[in-house]
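Structural characterization, general
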Amino acid sequence: MSNENQEVIINPRQSGYDPTRALTEPPMVRFILIALSLLFLGLFLFVPLAVVFATALEKGIQAYGEAVLERDALSAIRLTLLTTFISVVLNTLFGVASAWAITRFQFPGKNILITLIDLPFTVSPVVSGLVFVLLFGLQGYFGHWLADHNLKVIFATPGIVLATVFITFPFISRELIPLMQEQGPEEEEAGMVLGASGWQIFWKVTLPNIKWGLLYGIILCNARAMGEFGAVSVVSGHIRGLTNTMPLHVEILYNEYNFTAAFAVASLLAFLALLTLVAKAFIETHAQDEKIALPPAHEQSRTP
Amino acid sequence: MKLKSTGVLPGFGLTMGFTVTYLCLIVLIPLGALILKATSLSWGQFLDTVTSPRVLASYRLSFGAAFIGALINSIFGFMVAWVLVRYEFPGKRLVDAMVDLPFALPTAVAGIALTALYTTNGWLGRWLEPLGIHVAFTPLGVIVAVTFIGLPFVVRTLQPVLESLDPEMEKAAVSLGANRWYTLSRVVFPSLVPAWITGFSLAFARAVGEYGSVIFISGNMPMKTEIAPLLIITKLEQYDYAGATAIAVVMLVVSFFLLLGVNWLQARTGRHRAT
């Protein structure tokens, strides 16, 4: 940037005024700002991450292996994988369908629909769990009916899946809507003119165009589904080996003062979080190469 | 109201039908149940629940800690965004990617990690406790947890705005004789204000409802370090659905009005900038 300053003031020496100094901060200030930022991030990001792995391996690799391969831990991993899989599949279908309907057609109430899709982001995780207890809990609106038919939603797998689907509901949709909006319907319309069917257009034209955005949304949805705690905690009932997801298993072990095991299972989740960040960076690089603007990664209000 | 598509592409009926059905089943009906439950409460019942001292104390803690956390994040988040956009230093890409860690790391993991750090024997706690600074199991711990959770919001909302700032503006200010501080305070900072407010409000909203990372470090002492979401769970465990709903409704309403206020503030600063 400093080289360009020459065009602003042609002869800085004559004016007795150095414009390069006025366009950036003095080296000392820059150094202090970088140091303070790194200190802040180190304290709040790197150290907590390090403590997870350090505590997990505190008692050696043997204890680590035992904690991770223990029966309840394995069933927690299975339940987490199942829940995550269902949430990602359902929300991917919804994300693609909603983006298609919203960006390829004009209809009244479109903005309301977009706002409603964002609703789950504004609700506290605990409240997200609460709404399902109100519906399906023992004293909930459908509680009696479910009990009569011997069906269990709350304190069982369906409740956990429902709460997770609710929490991760907008993730993929909100990645795809701005992306497809920007790309516009021209290529798909060209496909139609050439005689392609709706599904052909989708597989051959739309999907290749949105693949990075879709993948991005799936990765974020996946990370959140795997780690969701508050909502799941309300509907799970914490039954070991049955309705415990990985984060809930971590909580139980921790509350039993079994720190090594708690951090061992936690380290698996932390590792997955790091993988998520790597995958995210990878996709961002690719999208940048193809000049696709990915919407911000997180729960952000769409239009400020 | 009849929905009518004006696009020429096929698939409107299918995608729209699926979207609306799925939205109703997963989001609207469940949230409707909350509203239905809330309207079935009598005023007396509702007020008794939400003005009991224990509930009031939890609101104070949840909203207070969220506010302070968002404030810390808006200061340091601004600094981090500035450093990442304007300066070069080794490891910058790694640092940039790591900023999203609080989004990717499960909250329960963050909770136990922060607690382990700040207890008496923890890596940081053992230095802070002799100084009389108690973080774990105090309101300070709640602030630390919500600061962690809200960290990416301010950085990620400011970063794109900083990147898209036109350098010509700063050059123009300099050519008119402004020094660096004057350029920053009169040219750069004002154009960042709307994004800054957005980042603050997002971090705040997230922190108010936060549960997983807070309950481990807070210690959950009634009246002292008990957050509102935890009280909802306590009420549910006692099968007091009405009480849980009342607490939840107040949280939703307060968050909603805060965000509304922020939007209003933003619209105002935006207009001010335009004129």
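Our subject in this report is the structure included herewith. Numbering of residues begins from 1 in every chain and follows the order in which that chain's sequence is written. Each chain is given a letter, starting from A, and each ligand a number, starting from 1, according to the order in which they appear as written. In keeping with the model being predicted, local features are shown solely for residues with a pLDDT of at least 70 and side-chain atom pairs are shown and tallied solely at 80 or more, while totals for entire chains, interfaces and linings include all residues. Where side-chain values are given, they derive from all heavy atoms of the structure, hydrogens and water being excluded.

Comments concerning the overall build of chain B
Of the regular secondary structure elements, chain B holds 13 helices and zero strands. The helix count covers DSSP runs of H or I at least four residues long, the strand count covers runs of E at least two residues long, and both are numbered beginning at the N terminus. Listing each helix as α and each strand as β along chain B from the N terminus yields α-α-α-α-α-α-α-α-α-α-α-α-α. Any two residues whose heavy atoms approach within 4.5 Å are treated as being in contact. Contacts spanning at least 24 positions in sequence make up 73% of the contacts within chain B whose residues lie at least 6 apart. Accessible surface, chain B: about 12,200 Å² in total, of which carbon and sulfur atoms supply 68%. Lys and Arg are tallied as positive, Asp and Glu as negative. Neither His nor the chain termini are counted. Charge coordinates come from a single atom per side chain, which is NZ of Lys, CZ of Arg, CG of Asp or CD of Glu. Where the 19 positive side-chain charges of chain B centre and where its 13 negative ones centre are 6 Å apart. The protein chains shown are the only cover counted for residues, whose accessible areas, like all others here, come from Shrake-Rupley with a 1.4 Å probe.

Overview of a nonpolar patch on the surface
Residues and elements named next belong to chain A. Each patch is built from residues that are more than 30% exposed by relative accessible area and take part in no salt bridge. Like charges join if they lie within 9 Å; nonpolar side chains (Val, Leu, Ile, Met, Phe, Trp, Tyr) join within 5 Å. Each reported salt bridge corresponds to a side-chain nitrogen of Lys or Arg within 4 Å of a carboxyl oxygen of Asp or Glu. Residues Met28, Val29, Phe31, Ile32, Leu36 and Leu39 make up a contiguous nonpolar surface patch of about 590 Å² in total accessible area. When you line up the elements, Met28 lands in helix H3 (residues 27-56). Categorising residues by exposure relies on relative accessible area from a 1.4 Å probe, with only protein chains included: less than 20% of the type maximum marks a residue as buried, more than 50% marks it as exposed, and the intermediate range marks it as partly exposed. A relative accessible area of 56% means that Met28 is categorised as exposed.

Topic: the nonpolar core
Looking at soluble globular proteins, one finds that nonpolar side chains tend to be buried together. Only buried Ala, Val, Leu, Ile, Met, Phe, Trp, Tyr and Cys residues count toward a nonpolar core, and they belong to the same one when joined by side-chain atoms within 4.5 Å. Tyr59, Leu105, Tyr118 and Ile232 of chain B are the most contacted members of the largest nonpolar core, which totals 178 residues. The leading source of residues in this core is helix H3 (residues 53-86) of chain B, at 14 residues. What fixes the domain bounds is an automatic or database domain assignment. In this structure, this core is formed jointly by two domains, domain 1 (23-56) and domain 2 (61-295) of chain A, each of which donates at least three residues. In contact with Ile232 of chain B, other than residues within four places in its own chain, are Val126, Val127 and Leu130 of chain A together with Ala244, Ile247, Ala248 and Met251 of chain B.

Quick notes on the pattern of salt bridges
One pass over the structure, following the stated rule, counts 14 salt bridges over all chains. Residue Glu228 of chain A pairs with Arg224 of chain A through a salt bridge whose shortest N-O separation is 3.0 Å. Residues Lys280 of chain A and Glu284 of chain A are paired through a salt bridge, measuring 3.2 Å at the closest nitrogen-oxygen approach. Of this pair, Lys280 of chain A and Glu284 of chain A are both found in helix H15 (residues 259-289), four residues apart, which corresponds to roughly one turn of the helix. For Lys280 of chain A, a relative accessible area of 6% corresponds to the buried category. One continuous salt-bridge network, built from bridges that share partners, spans Lys280 and Glu284 of chain A together with Asp96, Asp100 and Arg156 of chain B.

Let's talk about the environment of Pro185 of chain A
Residues and elements named next belong to chain A. Along the chain, the position of Pro185 falls in the loop between helix H10 (171-183) and helix H11 (186-193). By relative accessible area, Pro185 is classed as partly exposed at 23%. Here the alpha-carbon distance between Pro185 and Phe105, two residues 80 residues apart in the chain, equals 9.3 Å.

Structural notes on the interface of chain A and chain B
Contact residues are listed per partner, giving 103 residues for chain A and 100 residues for chain B. On inspection of chain A and its partner chain B, the count reaches two salt bridges. Whenever a nitrogen or oxygen atom comes within 3.5 Å of another N or O atom, the pair is scored as a polar contact, on the condition that within protein one atom can donate a hydrogen and the other can accept it, and that pairs from neighbouring residues in sequence are kept only if both atoms are in side chains. Where chain A packs against chain B, one counts eight residue pairs in polar contact (both at pLDDT 80 or more). Here the side of chain A that touches chain B takes 19 residues from H3 of chain A, the largest share from any one element. Residues are grouped as follows: Ala, Val, Leu, Ile, Met, Phe, Trp, Tyr, Cys and Pro are nonpolar; Asp, Glu, Lys and Arg are charged; all remaining types, including Gly, are polar. Broken down by class, the residue content of the side of chain A that touches chain B amounts to 71 nonpolar, 20 polar and 12 charged.

Quick word on the packing of aromatic side chains
Any Phe, Tyr or Trp ring, taking Trp's six-membered ring, that has another such ring centre within 6.5 Å forms a pair; planes under 30 degrees apart are called stacked, those over 60 apart edge-to-face, and the others tilted. Applying the stated criterion across every chain, the model contains 29 aromatic pairs over all chains. On the basis of an interplanar angle of 50° and a centroid distance of 5.0 Å, the ring pair of Tyr254 of chain A and Phe259 of chain A is categorised as tilted. Judged by its relative accessible area of 33%, Phe259 of chain A falls in the partly exposed class. Summarising the aromatic geometry, the rings of Tyr254 of chain A and Phe216 of chain B are spaced 5.4 Å apart at their centres and angled 85° between planes, so their arrangement reads as edge-to-face. Here Phe216 of chain B lies in helix H11 (residues 212-218) and Tyr254 of chain A lies in helix H14 (residues 246-255), a pairing that spans two chains. By relative accessible area, Tyr254 of chain A is classed as buried at 12%. Residue Phe216 of chain B is classed as buried on the basis of its relative accessible area of 6%. Taken together, the ring pairs connect Phe229, Tyr254, Tyr257 and Phe259 of chain A together with Tyr211 and Phe216 of chain B into an aromatic cluster. Both a distance and an angle decide whether a charge sits over a ring: NZ of Lys or CZ of Arg must be within 6 Å of the ring centre and within 35 degrees of the ring normal. If you follow Lys110 of chain A out to its NZ or CZ, it ends over the ring of Phe107 of chain A, 5.8 Å from the centre.

Quick word on unusual backbone geometry
Residue and element names in this part refer to chain A. Notably, Asn150 is not glycine yet its phi reads approximately 60°, a positive angle. Structurally, Asn150 is set in the loop between helix H8 (143-148) and helix H9 (157-167). Taking relative accessible area as the criterion, Asn150 reaches 74% and is therefore assigned exposed. Positive phi values are uncommon outside glycine, yet Phe155 reaches one of about 65°. Its location among the elements puts Phe155 in the loop between H8 and H9.

Everything listed here is a matter of coordinates, which is why it stays silent on function.
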